[in-house]
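What follows is each chain in one-letter form.
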Protein chains: 2
Amino acid sequence: MFSKSCEYGIKATLFIAQKSQWGERVSLKEIAAAIDSPIAFTAKILQVLAKASIVNSTKGLHGGYEIEKECLPKISLKQIVQAIDGNRIFDGCALGLKICNAKEPCPMHSQFVIIRNKLSETLASSNLLNVAMNLNLGLTVLKR
Amino acid sequence: MFSKSCEYGIKATLFIAQKSQWGERVSLKEIAAAIDSPIAFTAKILQVLAKASIVNSTKGLHGGYEIEKECLPKISLKQIVQAIDGNRIFDGCALGLKICNAKEPCPMHSQFVIIRNKLSETLASSNLLNVAMNLNLGLTVLKR
DNA sequence: GTAAAATCGGATAAAAAGGTCTTTATATCT
DNA sequence: AGATATAAAGACCTTTTTATCCGATTTTAC
């Protein structure tokens, strides 16, 4: 479904969001440990997320990553997916056709429009605050 | 969503299904041309589909691939996907967790169960006869 | 100035995608 | 029956993409 980069990106953002609720800033090392990801690879993904202004990064001693508390309810998982994987998953043809639309559809087009719209809505309607709250309550996990 | 192998596999099977309606047997070359796929790679995928008894292959002069007419309504696209990509797409965690279920869910588990079930149902309820008929009518295409 | 932390450019490894060549099977034509 | 042309099967190789790692640089608090 998603690339590995995107999986790590989502998990990393969620961990940062969780800590940012309490105004805590987290380092790369902490993130990688929390989501069980390769540290250097995670760094690269975080750069992308920082450039997309989904997370804020601070260099130097006591630096790290954070998200402004007020932004948490405004950032959706869809934004993360788009920043890392683009939106091929939302608008690309399931059978890989270059041109595939209602006028010239692939054999699965009409069915997949429904599924992709559902996916898009699901991701667009989730926000970091909600998801982070479930993490806090221990109802969901980022590892294992 | 699907691997390239799977995309080609679905398109190849649909093309074979279309021709098999009229009792025609098609060669690798014809298939690759019809679905615009690399010929040698397509051969490999067809081997997998033949081993999974989704298509019948015949060697030698006038050989090629076909599907018994009576089987067309009994074969679903889900079977093709499972034969090539396995069923990670149907039961794997969207965030890549090894363990992810209702008891120990990832933050997106409950939402993704719905999407994956929808995908599974859609693919399971489609059959080669129906899809091939739309191809015949020119309502859908395998190329472009 | 030093240590901690992110950034940046590139190097390496692994997996997916695609290609080549040889072998095997099978109809058809002497 | 044997030779031949055709077509899939199988083993192996190359390219491309994705994933991962490393080292040098920059930034900042103390």
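Residues numbered from 1 in each chain as written. Chains lettered and ligands numbered in written order. Predicted model: local features only at pLDDT ≥ 70, side-chain atom pairs only at ≥ 80, totals over all residues. Heavy atoms only, no water.

Participant: Explain the protein's contact with DNA strand D here, please?
Facilitator: Near DNA strand D you find 25 residues, and of these Pro-38 and Phe-41 of chain A together with Leu-28, Ser-57 and Leu-61 of chain B are the closest. Close to the protein, within 4 Å, the atoms of DNA strand D belong to sugar or phosphate groups at a rate of 74%. Note that a phosphate oxygen of DNA strand D is positioned 2.6 Å from one of the side-chain N or O atoms of Ser-57 of chain B. A distance of 3.0 Å is found between a sugar or linking oxygen of DNA strand D and a backbone nitrogen or oxygen belonging to Gly-60 of chain B. Here the residues of the surface near DNA strand D sort into eight nonpolar, 11 polar and six charged. (Near = heavy atom within 4 Å. Polar contact = N/O pair within 3.5 Å; in protein donor to acceptor, adjacent residues only side chain to side chain. Nonpolar A, V, L, I, M, F, W, Y, C, P; charged D, E, K, R; others polar.)

Participant: Would you take a moment to explain the protein's contact with DNA strand C for this structure?
Facilitator: Near DNA strand C you find 26 residues, and of these Leu-28, Lys-44 and Ser-57 of chain A together with Pro-38 and Lys-44 of chain B are the closest. Among the atoms of DNA strand C lying within 4 Å of the protein, the sugar-phosphate backbone contributes 73%. The contact in question runs from a phosphate oxygen of DNA strand C to an N or O atom on the side chain of Tyr-65 of chain A, over 2.8 Å. Residue Leu-61 of chain B places a main-chain N or O atom 3.4 Å away from a base oxygen belonging to DNA strand C.

Participant: How do you make sense of the relation of the copies chain A and chain B when you look at a structure like this?
Facilitator: Between the two chain copies there is a screw-like relation: a rotation about an axis and a shift along it. Superposing chain A onto chain B takes a rotation of 180° combined with a translation of 0.0 Å along the rotation axis, leaving an RMSD of 0.0 Å. Expressed as an axis order, the relation between the two copies is that of a two-fold axis. The position closest to the rotation axis in chain A is occupied by the C-alpha of Met-1 of chain A, lying 2.5 Å away. Looking at the interface residues of chain A, 100% of them are also at the interface in chain B, so both copies use one shared face. (Least-squares fit on C-alpha atoms with pLDDT ≥ 70 in both. Contact = heavy atoms within 4.5 Å.)

Participant: Explain the interface of chain A and chain B here, please?
Facilitator: Buried accessible area, meaning the area lost when the parts come together, often serves as the stated size of an interface. Contacts between the two partners involve 34 residues from chain A, matched on the other side by 34 residues from chain B. For the chain A and chain B pair, buried surface summed over both sides reaches about 3,100 Å², with 75% attributable to carbon and sulfur atoms. Three residues, Met-1, Leu-95 and Arg-144 of chain A, lead the burial of chain A against chain B; their summed loss comes to 21% of the area buried on that side. Applying the counting rule to chain A against chain B returns zero salt bridges. Linking chain A with chain B are eight residue pairs in polar contact (both at pLDDT 80 or more), by the criterion used here. Elements supplying a minimum of two residues to the side of chain A that touches chain B: helix H1 (4-20), helix H6 (109-124) and helix H7 (128-136) of chain A. Broken down by element, the residue count for the side of chain A that touches chain B peaks at eight residues, all from H6 of chain A. (Buried area = accessible area lost by both parts, 1.4 Å probe. Salt bridge = Lys/Arg side-chain N within 4 Å of Asp/Glu carboxyl O. Helix = DSSP H or I, 4+ residues; strand = E, 2+ residues; numbered from the N terminus.)

Taken by themselves, the reported measurements are silent on function.
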